[in-house]
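Single-letter residue listing:
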Amino acid sequence: MAKLIFEMSKPGRTAYSLPRCDVETCGSDVLIPEKYRRKKDAELPEVSETDVIRHFTELSRMNHGVDTGFYPLGSCTMKYNPKVNEDIAGMDGFRAVHPLQDDETAQGCIRILYEMDRMLSEITGMDRFSLQPAAGAHGELAGLLVIRAYHAHRGDTGRNKIIVPDSAHGTNPASAAMAGFEIIEVKSDERGGVDLEELKAAVGPDTAGLMLTNPNTLGLFDENIKEIADIVHDAGGLLYYDGANANAIIGVCRPGDMGFDVVHLNLHKTFSTPHGGGGPGSGPVGVKKELEPFLPVPLAEYDGKQYRLDYDRPLSIGRVRSFYGNFGVILRAYAYIRTMGPDGLRKVAENAVLNANYLMHRLKGHFDLPYDRTCMHEFVLSYGRHKETGVRTLDIAKMLLDYGFHPPTVYFPLIVSEALMIEPTETESLETLDLFADTLISIADEAERDPEKVRTAPHRAYTSRLDEVRAARNPVLVYVDEDTAE
Amino acid sequence: MYRYIPNTREDQEKMLSAIGAGSVAELFSDIPEDIRLDRDLDLPDAMHEQELVSHMKAIASENVNTADHPCFLGAGVYDHFIPSVVGHVISRSEFYTSYTPYQPEISQGTLQAIFEYQTMICRLTGMDVSNASMYDGATAVAEAALMAVRSTGREKVLVSRGVHPQYREVLRTYAVHAGIGIAEVGLSGGMTDLDGLRDALSGEAGVAAVILQSPNFFGVIEDMEAATALAHEYGALTVACVDPVSLAILQPPGEYGADIAAGEGQPLGNPLNYGGPHFGFLAAKQKLVRKMPGRIVGQTTDSEGRRGFVLTLQAREQHIRREKAVSNICSNQALNALAATVYLSVMGKQGLKQVAELCLSKSHYAYSKLLATGRFEKVCDAPFFREFAVRSVDEPVETINRRLRDRGMIGGLALERYYPEMKNCWLVAVTEKRTRQEIDAFVEAAAGGGR
Amino acid sequence: MEIYEGMKFTKEHEWAREEGGKVYIGISDYAQNALGDIVYVELPETGKKVKAGDPISVVESVKTASDIYSPVSGTVSGVNEALADSPELLNEDPYENYIAVIDPDDLSELEDLMDEEEYREFCSREE
């Protein structure tokens, strides 16, 4: 157990080095009226620079990252994060540019935004991209507001429903609700795709659109995509592509050619930018021509000589974020695309799909495979023996920790019981996949032989099983020490 | 071969034969023929590493950057000094190559750091609870407004024109489509007009929240205590949009009774990054915790009774509540919040106060020097922090900024861009990084000296 | 734990029972089992008017949250305050611990619900 930084604090210790004040002036006691001043100091830690480095180094060692080991977290695309992209994002010519500098003095930054718009449009078969959304869910919100604005602009005001399959990510219905839509859920058919009959019954004059992840969260490509698109379009609705699983199709097929009108991509998944312990991500949103006027402001433009930011877009939904998005993330993704090129990007998808199918093949005799067909970049297993062994999927996930693996996504999608959702990505080797498969199989055996051991895992992680019930029943969300307690 | 893809041809063949597939193409047979791409993507060819670095350096050189040019531009993003330690810690790949800590037993580093972050944000703002971060200051304020609407059951929000114009734009995007009404409260002398606020509160039935920023967009310190009392009188919540560095010396929102504190965290150890990634912070009174969006970390124990940390109160979130979730947020800005945690650890109780005092002193020095030239006059005659507005008596701001650029400096913001009535008004920020020499040169160039 | 005489059940696994003209509402043993360790109960405001089928409360466990619907129309006249600090009471004895009390507009709405035997059969089909 590591100490908290507050527990290391000792009055008088410092880790900072600041210039002395070189102007003759007064302090806050004169410049700021007393009623606006802070009466009691904020109790921030007082530690040395060595303390800071040792503390955060210790914390980092209690973490598992892609650089530590295999991280097959389904639908999260935990691929390798190229180091050179970090160096590029650290160049002063990018990191030390103020977002409100005149366009003339930020030509390089606007150029990146413009070229990314062009490249992402080509990759997805769309016409225009806004890079402003800060994450996938944020892109969903922006895209749905664009759909809303499009219908409203046509005077088609009765379209207040968004259709979402039951296998969708939770962000889909949550984003639709935030954009002011009602949500209609449609079931999956026995092959794991959208049930066409249910969809036909669900669409109507109130349909604003359908949100779809393809391949879906079962890792399956919906082969009826053309019919789905026709059903929704014939009803006057639009198609929204959740790009969370785009790693499976990049360079192979494009949402725009499938019939999608709006797309978001997760640069922190498909385009290799690091996940940062939960963020920052980047969720650019792209649209077909008819929807372009509604994208967030500003968009990057180029007249052949100069790059500029265009704010004169009267039909825009407005801003969804300050400035232009997570530029530093967009920059890393740009470097990735330039590194891979068209052939490399297609090989990304091919190897991601090959790795997933190989791993599925290795595991399917040992776990239930609810949808036994060729998968794309990920697949979903179910641990069906829990009734006999008393071991749950969660226990198996925890047991994996002892072997240095990050577990797959568990208990998702919701339509598969005791689910394990596994996404190996293209950056993992055959040897890693085999080791992981061997380990998971041995854990399944162990669950038969010694269920108690699996139920109490992990045994060799930084902590043993943590009590989430206690945390939620009596939330302790900040540190309170006796010295600072009021 | 590509260096990020380890499969050799031999590996691929071995895998295909194990699967029983004849080719990789066969694995894609679920994709209907007519939507498959029958060509390569029309993208530039792959670059080798050295070529890429040269290419990116060339693009970077097309930008003027604040590392080489003293910066007097702020308006929500500030050129503060970042200690070397910050970059070293967040470059540890155990932090930056991990994801949301879904498996707490191997994510204690991220989880404990977030717990420390939440504690620091609460101590700075004087609030009870904080989430793990939002995308930026603008979305933090917008989500704060949605929180207020949810917890009051009311559907109108009042926002001061002193709040960052881009935050107000984002608020409008988020709120209007959710059926929430937004009304703006005007300014008087660079501060929110409290009489106007009272009129708006008494005129508008059922106001959920009053949103003020302090220091506001003009750097002016608002009378938050009076505004909060007014909001509470009408049963509305107060959302205080605050600057984290200023809180080392200014009264924290918790002390004047604000219900929610939100703001931009960039000044805490995050580079300018042409506007992102930065992070937003969001903190609130205890009673609002279950209405808060985003990840929250809580303390608990492991099966042997040792302290540990987990994501908690997750039933608020999209992965559980789907369309009934309090927000759709999933990814946040964790690494930027970590940078802030390291920054605040380095600065500590004394250092952050010094940063704030230096900003205060240097900005006041620049302000009085500018006024003394006779080429500028006051716009808001009120106490300010780090940033101030002046009016140029005879020159457009663009002309002044161009002159500064010619002398290797980055000038302030032309306020007319956001406030059409503020002709020739200039918003100038002075952080602790600006030396006396730089400020003197800035003032001289701004006044047109040596023409 | 004991099921009260005349207790009625909904398809969403709430129970309802009439006592002195008021309707007590809680969740069934099947429901608490399915939810697992309950960590929080969002109690309705007293005085709130509800229609049959309206959500009046949310019961949360660590990984799920479940809406509780009022089986009858009426006015919320009381809540079980003990659940605010001890949500686990719903796990320990779901039939002894109600969530809310409704002043019903029309008691006969209860007649549409399942009785114990019908509910048992309903649950066995859910498995």
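Residues numbered from 1 in each chain as written. Chains lettered and ligands numbered in written order. Predicted model: local features only at pLDDT ≥ 70, side-chain atom pairs only at ≥ 80, totals over all residues. Heavy atoms only, no water.

A. Region of the structure containing the overall build of chain A. Broken down by element type, chain A carries 16 helices and twelve strands. In terms of overall dimensions, chain A is globule-like: its C-alpha atoms have a radius of gyration of 25 Å, near the 23 Å expected for 486 residues. By principal-axis analysis of the C-alpha atoms, chain A measures approximately 75 × 65 × 45 Å. Intrachain contacts of chain A at a sequence separation of at least 6 include 70% that bridge at least 24 residues. (Helix = DSSP H or I, 4+ residues; strand = E, 2+ residues; numbered from the N terminus. Rg over C-alpha atoms; globule rule 2.2 N^0.38 Å. Contact = heavy atoms within 4.5 Å.)

B. Spotlight on the interface of chain A and chain C. The interface is formed by four residues belonging to chain A together with eight residues belonging to chain C. Approximately 510 Å² of surface area, both sides summed, lies buried where chain A meets chain C, with 58% of it carried by carbon and sulfur atoms. Contact with chain C buries area across many residues of chain A, yet Glu468, Val469 and Arg473 of chain A alone supply 84% of it, more than any other trio. Counting every contact that joins chain A to chain C gives two salt bridges. Residues Glu88 of chain C and Arg473 of chain A are paired through a salt bridge, measuring 3.9 Å at the closest nitrogen-oxygen approach. (Buried area = accessible area lost by both parts, 1.4 Å probe. Salt bridge = Lys/Arg side-chain N within 4 Å of Asp/Glu carboxyl O.)

C. Quick peek at the sheet that holds strand S10 (residues 379–382) of chain A. Residue and element names in this part refer to chain A. Pairing is antiparallel across the open sheet formed by three strands, whose spatial order is S10-S12-S11. The open sheet has two free edges, formed respectively by S10 and strand S11 (409–410), since each of these has just one partner strand. Relative to strand S12 (residues 419–422), S10 runs antiparallel, the two sharing four bridges. Paired with Val380 across the bridge in S12 is Met421. (Pairing = 2+ DSSP bridges.)

D. Focus on the sheet that holds strand S7 (residues 237–242) of chain B. All names here are of chain B. The seven strands lie next to each other as S1-S9-S8-S7-S6-S2-S3, forming an open sheet whose pairing is mixed. Unpaired on one side and paired on the other, strand S1 (129–130) and strand S3 (181–185) mark the two borders of the sheet. By the bridge criterion, three bridges tie S7 to strand S8 (residues 260–264) in an arrangement that is parallel. Note that in S8 the partner of Cys241 across the bridge is Ala262. The sheet contacts of helix H10 (residues 224–233) involve strand S6 (207–214) and S7, and relative to S7 the element is tilted by about 155 degrees. (Axes fitted to C-alpha atoms, helices over the stretch in contact; angles between N-to-C directions.)

E. Inspection of the nonpolar core at higher detail. Core analysis: the largest hydrophobic core is formed by 142 residues, its most contacted members being Phe94 and Met116 of chain A. Tallying contributions element by element places helix H11 (residues 327–363) of chain A first for this core, with 20 residues. Those residues in contact with Met116 of chain A that lie beyond four places of it in its chain are Leu131, Leu267, Ile330, Ala333, Tyr334 and Ile337 of chain A. In this structure, Leu59 of chain A together with Ala132, Leu247 and Ala356 of chain B belong to the second largest nonpolar core, which totals 83 residues. (Core = buried A, V, L, I, M, F, W, Y, C linked by side-chain atoms within 4.5 Å. Buried < 20%, exposed > 50% of the residue type's maximum accessible area, 1.4 Å probe, protein only.)

F. Looking closely at H10 of chain B. All names here are of chain B. What H10 keeps buried is the set Met224, Ala227, Thr228, Leu230 and Ala231. Buried residues of H10 fall within an arc of 160 degrees about the axis and therefore sit on the same side. Next to the buried residues of H10 lie helix H9 (194–203), S6, S7 and helix H11 (253–256). One or two steps after H10, the chain reaches Gly235, where phi turns positive at roughly 75 degrees. (Arc of directions from axis to C-beta.)

G. Structural detail: the interface of chain A and chain B. With 211 residues of chain A at the interface, the matching set in chain B holds 182 residues. Between chain A and chain B, a total of about 17,200 Å² is buried, with carbon and sulfur atoms accounting for 62% of that surface. Looking at the side of chain A facing chain B, the largest losses of area belong to Tyr36, Arg38 and Leu477 of chain A, adding up to 5% of the total buried there. The tally of links from chain A across to chain B stands at 16 salt bridges. A salt bridge links Glu105 of chain B to Lys398 of chain A; the shortest N-O distance between them is 2.7 Å.

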